[in-house]
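In case you want the letters, here they are:
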Amino acid sequence: DAGVIQSPRHEVTEMGQEVTLRCKPISGHDYLFWYRQTMMRGLELLIYFNNNVPIDDSGMPEDRFSAKMPNASFSTLKIQPSEPRDSAVYFCASSFGYELFSSKERSSTDTQYFGPGTRLTVL
Amino acid sequence: GQQVMQIPQYQHVQEGEDFTTYCNSSTTLSNIQWYKQRPGGHPVFLIQLVKSGEVKKQKRLTFQFGEAKKNSSLHITATQTTDVGTYFCAGGRGTYKYIFGTGTRLKVLA
């Protein structure tokens, strides 16, 4: 498997423009995550999907950000309109995700596989 | 909200010295994962700890999960230049949503 694929790898755009980031998760993975990484805020979870359905989007900064997953092999993160403070590296990650029930504890043993990231610069 | 802090933020060591990074959560975790990110790269999964007090080893790396499941540590024995990177812990709360720690950037001087 080629791993998680993201495109483009680099994007430079001007403030106010629409930006679309793309992700192809590992085949067979049920979960897809979008993260943003900056020096100031570290690695932040923006949204994640399970079986193409958004489960938690509480990390999405504001209405300018939207994410979709039309099918199991493709997801997009869109920023419209973009602003300079959106400049960051955006990572997509996927995981198989299954749960083990161990005595009284419910445990997850998922591993997240990250893509190479998209470095976004908004001028 | 839930926070996961790591200390130190940066660490420079001479090759051959040991290195430890500590991860502390404001809330009890169900499990914790550790990732390594090389400069310019993406986070790569290292290990997951689930049980209270669990200790796991991978060659020169030793991972611990605290008894209260609120803290964890990663210890590297006899660092090598290949250990350079940022080490992140990621705390789980029983869902598939993980909160990543602030990271510790390790630099190894040859």
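Scope of this entry: the structure provided in the associated data block.

**Here's the deal with unusual backbone geometry**
Part 1 of the argument: Cis rather than trans, the peptide bond between Gln-80 of chain A and Pro-81 of chain A has omega equal to -5 degrees.
Part 2 of the argument: Here Pro-81 of chain A is to be found in the loop between strand E8 (74-79) and strand E9 (88-95).
Part 3 of the argument: Residues Ile-7 of chain B and Pro-8 of chain B are joined by a peptide bond in cis, for which omega reads -5 degrees.
Part 4 of the argument: Here Pro-8 of chain B shows up in the loop between strand E1 (4-7) and strand E2 (10-14).
Part 5 of the argument: Phi is positive for Asn-51 of chain A, close to 50 degrees, though the residue is something other than glycine.
Part 6 of the argument: Position of Asn-51 of chain A relative to the elements: it lies in the loop between strand E5 (42-50) and strand E6 (53-56).
Part 7 of the argument: Owing to a relative accessible area of 48%, Asn-51 of chain A belongs among the partly exposed residues under this scheme.
Part 8 of the argument: A positive phi angle is found at Asn-52 of chain A, which is not glycine, with a value near 75 degrees.

**Points about the pattern of salt bridges**
Part 1 of the argument: Under the counting rule described, the total for this entry stands at eleven salt bridges over all chains.
Part 2 of the argument: For Asp-56 of chain A, the salt bridge goes to Lys-97 of chain B, with nearest N and O atoms at 3.1 Å. Pair noted here: Asp-56 of chain A is in strand E6 and Lys-97 of chain B is in the loop between strand E9 (85-92) and strand E10 (98-100), and the two residues belong to different chains.
Part 3 of the argument: Accessibility expressed as a relative area gives 18% for Asp-56 of chain A, which makes it buried.

**Quick notes on the pairing of strand E13 (residues 118-122) of chain A**
Residues and elements named next belong to chain A.
Part 1 of the argument: Across the two faces of E13 the burial differs, with Thr-118, Leu-120 and Val-122 buried and Arg-119 and Thr-121 not buried at all.
Part 2 of the argument: Relative to E13, strand E2 (residues 10-13) runs parallel, the two sharing four bridges. By the bridge assignment, His-10 is partnered in E13 with Arg-119.
Part 3 of the argument: Relative to E13, E9 runs antiparallel, the two sharing three bridges. When the bridges of E13 are listed, Val-89 appears paired with Arg-119.

**Considerations on the sheet that holds strand E6 (residues 55-58) of chain B**
Residue and element names in this part refer to chain B.
Part 1 of the argument: Spatially, the five strands line up as an open sheet ordered E1-E3-E8-E7-E6, and their pairing is antiparallel. Both edges of this open sheet fall to E1 and E6, since each of them pairs with a single strand only. Across the sheet, the mean angle separating the axes of adjacent strands is 15 degrees when strand polarity is ignored.

**Here's the deal with the nonpolar core**
Part 1 of the argument: The biggest cluster of nonpolar side chains holds 21 residues, and the ones touching the most others in it are Trp-34, Leu-77 and Tyr-90 of chain A.
Part 2 of the argument: Within the residue set of this core, elements represented by two or more residues are strand E3 (19-24), strand E4 (31-38), E5, strand E7 (65-71), E8, E9 and E13 of chain A.
Part 3 of the argument: If we ignore the near neighbours within four places in the chain, the residues touching Tyr-90 of chain A are Gln-6, Leu-21, Tyr-35, Arg-36, Leu-46, Phe-65, Leu-77, Ile-79, Gly-117, Thr-118 and Leu-120 of chain A.
Part 4 of the argument: Counting 19 residues, the second-largest nonpolar core is a separate cluster that includes Ile-32, Phe-65, Leu-74 and Cys-89 of chain B.

**Points about the interface of chain A and chain B**
Part 1 of the argument: Listed as interface residues are 25 residues of chain A and, on the opposing side, 21 residues of chain B.
Part 2 of the argument: Of the roughly 2000 Å² buried between chain A and chain B, counting both surfaces, carbon and sulfur atoms make up 51%.
Part 3 of the argument: At the boundary of chain A with chain B, the tally comes to four residue pairs in polar contact (both at pLDDT 80 or more).
Part 4 of the argument: Of all the secondary structure elements, the ones that give two or more residues to the side of chain A that touches chain B are E4, E5 and strand E11 (105-108) of chain A.
Part 5 of the argument: The class makeup of the residues in the side of chain A that touches chain B is eleven nonpolar, nine polar and five charged.

**A word on the sheet that holds strand E1 (residues 5-7) of chain A**
All names here are of chain A.
Part 1 of the argument: A sheet is described by the order of its strands in space; here four strands give the open sequence E1-E3-E8-E7, paired in antiparallel fashion. Of all strands in the sheet, those with a lone pairing partner are E1 and E7, marking the two edges. Ignoring which end each strand starts from, the neighbouring axes of this sheet average 15 degrees apart.
Part 2 of the argument: Pairing of E3 with E8 involves five bridges; the strand directions are antiparallel. Paired with Thr-20 across the bridge in E8 is Lys-78.

Conventions adopted
- Residues numbered from 1 in each chain as written.
- Chains lettered and ligands numbered in written order.
- Predicted model: local features only at pLDDT ≥ 70, side-chain atom pairs only at ≥ 80, totals over all residues.
- Heavy atoms only, no water.
- Helix = DSSP H or I, 4+ residues; strand = E, 2+ residues; numbered from the N terminus.
- Buried < 20%, exposed > 50% of the residue type's maximum accessible area, 1.4 Å probe, protein only.
- Salt bridge = Lys/Arg side-chain N within 4 Å of Asp/Glu carboxyl O.
- Pairing = 2+ DSSP bridges.
- Axes fitted to C-alpha atoms, helices over the stretch in contact; angles between N-to-C directions.
- Core = buried A, V, L, I, M, F, W, Y, C linked by side-chain atoms within 4.5 Å.
- Contact = heavy atoms within 4.5 Å.
- Buried area = accessible area lost by both parts, 1.4 Å probe.
- Polar contact = N/O pair within 3.5 Å; in protein donor to acceptor, adjacent residues only side chain to side chain.
- Nonpolar A, V, L, I, M, F, W, Y, C, P; charged D, E, K, R; others polar.

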